[in-house]
Amino acid sequence: MKTIDVVAALIEREGKLLLARRDASSDQAGLWEFPGGKVEAGESQPAALIRELREEMNITAQIAGFVATSELHQPARLIRLHGWRVSSFTGTISLQCHSEVCWVAPQEVRSFELAPADVPLIDAYLRAL
């Protein structure tokens, strides 16, 4: 079974977290997620997250620390999603892979229809508060 490592950003601003909605052309279209993407060979998770956020949202992130890893078992692959806190960023969010974003109080994130691998990340984040 193939294993794919993916990183996700729990971006914090004024006590809220950024959620992004997957666009119609993506896998799990319409679901909300913490933005991020695949870790490339030889790349650290923080470096991958900084690169992905630059590519997907046109922002430069300041990584604050590791949150948790969740695993999603699919028929032909295992996806390991590694969540990282982002304490600040520069630039103006410009969407490339998402249809919309919103800022949400951490306690309200579970009220959104989240991509399954993101659920354990918000749970770990809330436990750490």
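Here, the structure is the one placed above.
Rules of the game
- Residues numbered from 1 in each chain as written.
- Predicted model: local features only at pLDDT ≥ 70, side-chain atom pairs only at ≥ 80, totals over all residues.
- Heavy atoms only, no water.
- Phe/Tyr/Trp six-rings, centres within 6.5 Å; stacked < 30°, edge-to-face > 60°.
- Helix = DSSP H or I, 4+ residues; strand = E, 2+ residues; numbered from the N terminus.
- Buried < 20%, exposed > 50% of the residue type's maximum accessible area, 1.4 Å probe, protein only.

I'd like a description of the packing of aromatic side chains, backed by residues and values.
Scanning the model with the defined rule gives 3 aromatic pairs in all. Ring centres of Trp 32 and Phe 112 lie 5.3 Å apart, and the angle between their planes is 80°; this geometry places the pair in the edge-to-face category. Taken as a pair, Trp 32 in strand 3 (residues 32–33) and Phe 112 in the loop between strand 7 (98–104) and helix 2 (119–128) lie far apart in primary sequence, 80 residues in all. On the accessibility criterion, Trp 32 (6% relative accessible area) is buried. In this structure Phe 112 comes out as partly exposed when scored by relative accessible area, which is 25%. Ring plane angle 70° and centroid distance 5.3 Å describe the contact between Phe 66 and Trp 84, whose orientation is recorded as edge-to-face. Of this pair, Phe 66 sits in strand 5 (residues 60–73) while Trp 84 sits in strand 6 (residues 77–90), and the two are 18 residues apart along the sequence. Under the relative-accessibility criterion, Phe 66 is labelled partly exposed at 45%. You can call Trp 84 buried: its relative accessible area is 15%.

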